[in-house]
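In case you want the letters, here they are:
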Amino acid sequence: MIGLISATAAGAVARDRMVAAWPDRTRVYDGPVGDAVRRAFAECEQLVCFLATGAVVRLIAPLLGDKATDPGVVCVDEGGRFAVSLVGGHGGGANELAREVGELLGAEPVVTTATDAVGVPGLDTLGFPVEGDVAGVSRALLDGEPVALRAELDWPLPALRLGTEGAYAIRLTDRLVEPAEREVVLRPPSLVVGVGASKGAPVDEVLELIETSLADAGLCAASLAELATVDAKAAEPGIVEAAARLGVPLVTHSAEDLAAVEVPNPSDAPLTAVGTPSVAEAAALVGGGELLVPKRKSGRADGRPAMATCAVVRRPGRGRLAVVGLGPGARDLLTPRAKAELRRASVLVGLDQYVDQIRDLLRPGTRVLESGLGAEEERARTAVAEARKGQAVALIGSGDAGVYAMASPALAEASDDIDVIGVPGVTAALAAAAILGAPLGHDHVSISLSDLHTPWEVIERRVRAAAEADIVVTFYNPRSRGRDWQLPKALAILAEHRAPTTPVGVVRNASRPDESSRLTTLAALDPATVDMMTVVTVGNTATRDIAGRMVTPRGYRWQEGSQQEGAR
């Protein structure tokens with residue numbers, strides 16, 4: 001919850017804008033400002049104070065305890081010009097909150113955390129538990145000193161400018177080790193514990209078994225990713241509570257899936273009870289990996305039979321491929337999620353002109369693999385190959401990466417040995433539609449007129465189907481120097497079913513500095529004025545030119561009713 005505190009009418013206006021935008025995330029604290037700040041500090045994860053920074057500093061100074069537990073605090077000035085991350089930039093999320101508040105209120109986010117200011121990832125923001133000399137190693141990264149990566153297992157990391165030698169080091173391990181001097185230890189979530197339990201097994205018995213098994217094997221509980229068991233034990237209180245206390249999810253698998261996993265220690269008892277010869281080992285191994293601790297039973301001081309079993313598996317780090325849509329070109333149409341993925345990547349793959357659009361958003365040390373037009377399949381293969389090496393890869397495309405862009409060739413190359421994340425973007429069709437008015441208000445379809453990868457016979461059949469179905473059509477790749485007849489042919493097909501006065505919208509370089517648009521008709525459109533940077537949207541029989549805007553009614557009944565009212 002974000003606590004909101006204001007002292008003036010101007011602050012209250014900005015505060016109320018936040019409440020309206022984030023009703024489920026915010027809570028207003030009224031009354032004397034000092035009391036309001038103290039209450040919000042104790043009750044909320046974050047605070048936004050519409051007060052002077054000096055005043056907030058004096059109010060929160062006696063309340064500060066530890067940066068790992070203190071709430072993040074953001075200050076917004078009286079004029080709403082700046083959103084200042086004051087306290088808890090990383091641990092409290094104030095840096096990101098300042099950016100969010102800035103976007104919402106039109107304020108400039110002010111982030112002074114050194115790593116954020118120069119684009120170096122904070123070691124406490126990588127999503128892993130971190131121990132050791134965080135301040136010292138971070139300072140070395142900021143100063144450009146050599147920092148060595150000592151990776152005991154492969155895991156995708158963002159760009160960190162690490163080498164093999166250095167006075168400072170980052171160790172990536174799930175082993176139970178103490179950080180050395182000038183060293184940071186990162187704990188990736190590499191361990192899976194499979195658990196079996198008899199009905200009514202006490203949570204303390206389950207928990208002690210897990211913790212003892214990890215410690216005896218020299219493994220760190222901070223690297224525990226999940227507990228796993230059979231579906232039949234999904235509601236077993238001892239297992240459910242153990243997962244909750246460990247702060248990890250409980251993942252369950254069907255007995256059929258577990259029975260198919262080859263294990264070293266099958267047993268008749270679980271086969272009779274739940275339908276699989278192994279629960280603990282099979283549940284840990286179902287996703288693959290190395291069995292570090294074979295099936296182990298709990299010990300009971302009273303000598304009664306053990307009620308819990310567990311096994312521990314180390315799963316290999318999986319490469320990460322984020323397929324990122326950059327939108328139509330304008331920076332403010334690039335989504336926050338896309339920006340986050342660009343910052344997370346250690347390798348960026350993309351068309352050279354698209355790389356140029358976002359190069360300033362990349363962290364120092366990001367490896368950029370760019371190529372020219374016509375190399376889509378090569379870029380897709382390169383991105384997947386880098387992900388298979390265990391890298392965190394971002395593959396970029398314009399608009400939405402899944403629409404006539406890089407997602408389909410990349411996913412055709414990828415298999416289930418890497419993680420794939422899709423990041424949506426604003427498509428050219430949507431950007432153009434917003435400029436034209438509301439041409440996509442009813443059913444619509446996008447068709448590419450490029451026959452480089454699709455036979456013209458197939459394209460023509462699709463255009464004809466859209467024409468006969470009276471669907472609004474957006475044409476991508478409408479015309480190039482080597483393809484100058486496809487657009488006239490497609491328009492002629494549509495003209496067989498639509499009036500010459502049917503509105504047609506033409507938008508070139510939507511959202512970019514040299515954007516241009518015009519509204520014409522099916523009969524008046526000159527195909528020679530269209531190129532590959534243009535999107536052409538042809539209305540259906542209900543589409544109208546209303547006050548210079550292209551509008552397709554949401555339904556014919558609504559349109560008929562409006563026309564009847566107008567006739568009256």
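Our structure's up above, just so we're on the same page.
Residues numbered from 1 in each chain as written. Predicted model: local features only at pLDDT ≥ 70, side-chain atom pairs only at ≥ 80, totals over all residues. Heavy atoms only, no water.

Engineer: How should the packing of aromatic side chains be read in this particular structure?
Structural biologist: Two aromatic rings are characterised by how far apart their centres lie and by the angle between their planes. Counted according to the given criterion, the structure contains two aromatic pairs. Plain terms: the ring middles of Tyr-404 and Tyr-476 are 4.7 Å apart, the flat faces sit at 50° to each other, and that makes the pair tilted. One end of the pair, Tyr-404, is in the loop between strand 19 (392-397) and helix 15 (407-413); the other, Tyr-476, is in strand 23 (residues 472-476), with 72 residues separating them in the sequence. Judged by its relative accessible area of 10%, Tyr-476 falls in the buried class. Ring centres 5.0 Å apart and planes at 70° place the aromatic pair Trp-456 and Trp-485 in the edge-to-face group. Pair noted here: Trp-456 is in helix 17 (residues 456-468) and Trp-485 is in the loop between strand 23 and helix 18 (486-495), with a separation of 29 residues, a long-range link. Given the relative accessible area of 10%, Trp-456 is considered buried. Overall, Trp-485 belongs to the partly exposed group, its relative accessible area being 42%. Sitting over the face of the ring of Trp-22, Arg-25 holds its NZ or CZ atom 4.3 Å from the ring centroid. (Phe/Tyr/Trp six-rings, centres within 6.5 Å; stacked < 30°, edge-to-face > 60°. Helix = DSSP H or I, 4+ residues; strand = E, 2+ residues; numbered from the N terminus. Buried < 20%, exposed > 50% of the residue type's maximum accessible area, 1.4 Å probe, protein only. Lys NZ or Arg CZ within 6 Å of the ring centre and 35° of its normal.)

Engineer: Can you help me understand the sheet that holds strand 18 (residues 367-371) in this one?
Structural biologist: Strands belonging to one sheet form pairs held by backbone hydrogen bonds; the direction of such a pair is parallel or antiparallel. The strand order 18-17-19-16-20 describes an open sheet built from five strands, whose pairing is parallel. Each edge of the sheet is formed by a strand with only one pairing partner; in this case those strands are strand 18 and strand 20 (419-423). Adjacent strand axes in the sheet meet at a mean angle of 15°, parallel and antiparallel pairs treated alike. Set on the sheet, helix 12 (residues 336-344) makes contact with strand 16 (320-325), strand 17 (347-351), strand 19 and strand 20; between it and strand 16 the angle comes to about 140°. (Pairing = 2+ DSSP bridges. Axes fitted to C-alpha atoms, helices over the stretch in contact; angles between N-to-C directions. Contact = heavy atoms within 4.5 Å.)

Engineer: Can you walk me through the pattern of salt bridges in this structure?
Structural biologist: For side chains bearing opposite charge, pairing can occur when the charged atoms are close. The full count for this structure, using the stated rule, is 31 salt bridges. A salt bridge links Arg-187 to Glu-131, with the nearest nitrogen and oxygen atoms 3.2 Å apart. Of the two residues, Arg-187 is situated in the loop between strand 10 (183-186) and strand 11 (191-197) and Glu-131 in strand 7 (residues 130-132); the sequence distance between them amounts to 56 residues. Of the residues examined, Arg-187 reaches a relative accessible area of 2% and is grouped as buried. Since its relative accessible area comes to 27%, Glu-131 is described here as partly exposed. Connected through salt bridges with shared partners, the residues Arg-150, Glu-152, Arg-171, Arg-175 and Glu-183 form a single ionic network. (Salt bridge = Lys/Arg side-chain N within 4 Å of Asp/Glu carboxyl O.)

Engineer: Help me understand the sheet that holds strand 7, please; the structure alone is not making it clear to me.
Structural biologist: Judged by pairing direction, the sheet is mixed, and its four strands sit side by side in the order 7-10-9-8 without closing on themselves. Of all the strands in the sheet, just strand 7 and strand 8 (147-151) have a single pairing partner and so form its edges. On average, each strand axis in the sheet is inclined to that of its neighbour by 20°, with strand direction left out of account. Judged from the five bridges that link them, strand 8 and strand 9 (residues 168-172) form a sheet pairing that is parallel. Bridging from a neighbouring strand, Ala-151 pairs with Leu-172 of strand 9. Relative to strand 9, helix 6 (residues 134-143) is tilted by about 115°, and along the sheet it contacts strand 7, strand 8, strand 9 and strand 10.

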